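# Commentary on secondary and tertiary structure
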Amino acid sequence: MTIEQQKFSRGPSDLSTFLNGLWRENPVFVMVLGMCPVLAVTNAVVNAISMGLATTFVLVCSSALVAMLHNFIPKQVRIATYIVIIATFVTIVDYVIQAISLKIYGALGAYIQLIVVNCIILGRAEAFAGKNTVRKSILDAFGMSIGFTFALLCLASVREILGNGTLFCNTPFVIHLFGPHFEPWAIMLLPPGGFFVLAFWLLLFAWIRQRKTSKGTLTS
Amino acid sequence: MSNTMPKNDWFAMVRTLGMVSLLSGVLIVMAYEGTAARIAWNKQQATEAAVFAVIPGAVQKATFAVGQDGFTRLENHDEKGPKVYAGFDASGTLLGVALEASAQGYQDTIRALYGYDPVKQCIIGMKVLENRETPGLGSKIVTSEEFLKNFGALNVSVNADGSALEHPIELSKRGMKPESWQIDGISGATVSSKAVARALNESAQRMAPLVKKHLDQFTVK
């Protein structure tokens with residue numbers, strides 16, 4: 001029995017299903033899933049928001065469809081079916097982003113198509129949507145998506161501020177935080193910067209969690 | 001497991017995968033049909049904006065196909081094959097021709113559009129259309145004003161027998177004042193700067209003599 005099944009048998013409330021992905025099982029900071037887009041597209045806040053929205057759409061739609069169909073999907077072909085469903089929604093998102101802005105499409109590059117193999121999405125289909133009702137699956141997908149987008153924003157804001165000295169660059173709301181003599185830390189925009197900032201956030205969240213649990217044991 | 005299917009039921013597997021694939025096909029075709037016009041319009045806008053950006057002062061443009069014996073005017077933008085764009089001022093005088101260039105960059109192909117003035121025999125503007133260069137370093141070929149200044153009046157004179165350029169477009173030596181046909185590269189983005197120079201050189205060697213030879217074929221109407 002997985003953790004989700006145990007929870008389901010105890011019947012978690014809608015709210016706790018939703019909040020699960022935000023904090024307790026945050027896909028990035030707790031489960032450390034989907035690292036490819038997390039490291040790759042977080043060099044600007046606008047990219048992180050676009051990636052977060054695209055992933056949200058794919059995760060919510062595929063979770064809903066998987067939950068709707070889960071009684072008809074034979075166990076042997078479930079992964080193949082999930083991948084077809086996920087790939088469909090990724091293709092739709094790909095077209096929609098191209099239709100909205102070629103600039104954003106160019107910035108996200110291959111990472112749109114790579115949402116297909118984002119383990120968060122297949123993971124939620126396999127671990128949650130394949131066993132739960134449509135309503136619960138959609139709530140879970142929204143929670144996970146917001147948790148994922150939040151994590152992307154955490155990384156992107158630090159990287160963009162240090163690496164470019166701006167927030168929301170490439171949008172009409174661009175804010176220049178430092179004077180013209182600010183020398184950007186180019187490394188923050190490069191892949192190593194992604195690893196550094198991710199490590200910093202993982203450390204911070206692990207520390208907060210640990211402090212919380214140690215407090216919990218003291219009071220009980 | 002909430003799965004009620006009997007095991008090894010191949011019919012159920014084929015049916016499920018078949019139905020899901022059919023549904024997937026319908027959804028993708030709907031999304032494609034719904035966005036195709038808008039995507040084509042976006043791409044058209046991007047190229048048009050680039051044409052006016054690389055030919056300063058141009059207010060109208062015409063598209064031409066490149067053939068064996070020069071250029072033929074295109075009315076339909078969906079035509080395949082290599083294309084050039086001519087930019088004119090309000091009175092219909094040819095100001096320059098926008099040509100495409102591409103070369104292997106640091107990570108992927110860099111595609112650029114540049115404006116060629118056949119009268120002054122100069123490159124008068126350059127815009128990178130597509131690149132996957134390292135953000136913050138190689139991507140400066142798109143944003144660095146210092147670098148883009150190189151393409152304000154870059155000498156691409158055609159040689160005496162009209163077969164190639166008099167001087168190949170190249171990066172200037174480090175610390176030396178660039179000649180009129182040389183590009184001052186970006187420090188920290190040498191590979192990307194070189195790639196732009198190579199792309200322009202490869203394209204201009206071929207196209208500049210051709211444009212110069214068939215100059216009268218570029219008409220506004």
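Every value quoted in this text rests on a predicted model; they were computed, and no experiment measured them.

Time to look at the interface of chain A and chain B. Every contact between the two is made by 27 residues of chain A and, on the other side, 28 residues of chain B. Residues of the side of chain A that touches chain B, tallied by class, amount to 15 nonpolar, 10 polar and 2 charged.

Two packed helices can be described by the angle between their axes and the distance between those axes. Residue and element names in this part refer to chain A. At a minimum axis distance of 9 Å, the contact between helix H4 (residues 45-69) and helix H5 (residues 78-100) shows a crossing angle of 145°. Handedness of the H4/H5 crossing: right-handed. For the pair formed by H4 and H5, the contact residues are Ala54, Phe57, Val58, Cys61, Ser62, Leu65 and Val66 on the first element and Tyr82, Ile85, Ile86, Phe89, Val90, Val93 and Ile97 on the second. Here the contact of H4 with H5 is built from residues that sort into 13 nonpolar, 1 polar and no charged.

For helix H1 (residues 10-54) of chain B, the principal kink sits at Thr35(B) and spans about 45°. For H1(B), the full list of buried residues reads Thr16(B), Val20(B), Ser24(B), Ala50(B), Val51(B) and Val54(B). Against the buried residues of H1(B) lie H5 of chain A together with strand E1 (60-67), strand E3 (83-88), strand E4 (94-104), strand E5 (109-117) and strand E6 (122-130) of chain B.

Glancing now at the sheet that holds E4(B). Within a sheet, each strand pairs with its neighbour through backbone hydrogen bonds, oriented either parallel or antiparallel. Residue and element names in this part refer to chain B. Read from one edge of the open sheet, 7 strands run E2-E1-E3-E4-E5-E6-E7, paired in antiparallel fashion. What marks the edges here is a single partner per strand, and that holds for strand E2 (70-74) and strand E7 (154-155). Where E1 lies against E3, 6 bridges are found, and the strand directions are antiparallel. From the neighbouring strand, Ala65 faces E3, where its bridge partner is Lys83. Sitting on the sheet, helix H4 (residues 190-213) is in contact with E4, E5 and E6, with an inclination near 135° to E4.

Formed by 50 residues in total, the largest nonpolar core has its most connected members in Val58(A), Val66(A), Phe89(A), Val93(A), Ala151(A), Leu152(A) and Leu155(A). The greatest single-element share of this core, amounting to 13 residues, is contributed by H4(A). The contacts of Leu155(A), once residues within four sequence positions are left out, are Val38(A), Thr42(A), Gly194(A), Val197(A), Leu198(A) and Trp201(A). Among the nonpolar cores identified, the runner-up in size contains 48 residues, and Ala112(B), Leu113(B), Tyr116(B) and Cys122(B) belong to it.

Attention now moves to the pairing of E1(B). All names here are of chain B. Note: E1 against E2, 5 bridges, orientation antiparallel. Following the sheet pairing, Ala65 is matched in E2 by Thr72. Following E1, the chain reverses through 2 residues before pairing antiparallel with E2.

So, about the environment of Arg73(B). Residues and elements named next belong to chain B. Along the polypeptide, Arg73 turns up in strand E2. Placed 11 residues apart in sequence, Arg73 and Ala62 show a C-alpha to C-alpha distance of 7.4 Å. Ignoring sequence-local partners within four residues, the contact set of Arg73 consists of Ala62 and Phe64.

All names here are of chain A. For Val32, which is not a glycine, the phi torsion comes out positive at approximately 50°. Secondary-structure assignment places Val32 in the loop between helix H2 (14-22) and helix H3 (35-40). The exposure class assigned to Val32 is partly exposed, which follows from the 13 C-beta atoms found within 10 Å.

Residue and element names in this part refer to chain B. Residues at a pLDDT of 70 or more form 93% of chain B, whose mean pLDDT is 86. Looking across chain B, the model is least confident in E2, with a mean pLDDT of 83, and most confident in E4, with 92. Interface predicted TM-score (ipTM) for the complex: 0.79; the corresponding pTM is 0.73.

Right, let's get into the pairing of E4(B). A regular strand places its side chains so that they alternate between the two faces of the sheet. All names here are of chain B. Relative to E4, E3 runs antiparallel, the two sharing 4 bridges. In the strand pairing of E4, Tyr85 is matched with Ala98. Between E3 and E4, which pair antiparallel in sequence order, lie 5 residues; one of them, Gly92, sits at a positive phi of approximately 90°.

Attention now moves to helix H7 (residues 119-129) of chain A. Listed in full, the buried residues belonging to H7(A) are Ile120(A), Ile121(A), Arg124(A), Ala125(A), Phe128(A) and Ala129(A). For H7(A), the arc enclosing every buried residue in end-on projection is 135°, short of the 170-degree limit, so these residues lie on one face.

Cut-offs applied
Residues numbered from 1 in each chain as written. Chains lettered and ligands numbered in written order. Predicted model: local features only at pLDDT ≥ 70, side-chain atom pairs only at ≥ 80, totals over all residues. Contact = placed C-beta atoms within 7 Å. Nonpolar A, V, L, I, M, F, W, Y, C, P; charged D, E, K, R; others polar. Axes fitted to C-alpha atoms, helices over the stretch in contact; angles between N-to-C directions. Helix = DSSP H or I, 4+ residues; strand = E, 2+ residues; numbered from the N terminus. Left-handed = near helix turned anticlockwise from the far one by under 90°. Bend = angle between axes of the 7 residues up to and from the residue. Buried ≥ 20, exposed ≤ 12 C-beta atoms within 10 Å, placed from the backbone. Pairing = 2+ DSSP bridges. Core = buried A, V, L, I, M, F, W, Y, C linked by C-beta atoms within 7 Å. pLDDT = per-residue confidence, 0-100. Arc of directions from axis to C-beta.

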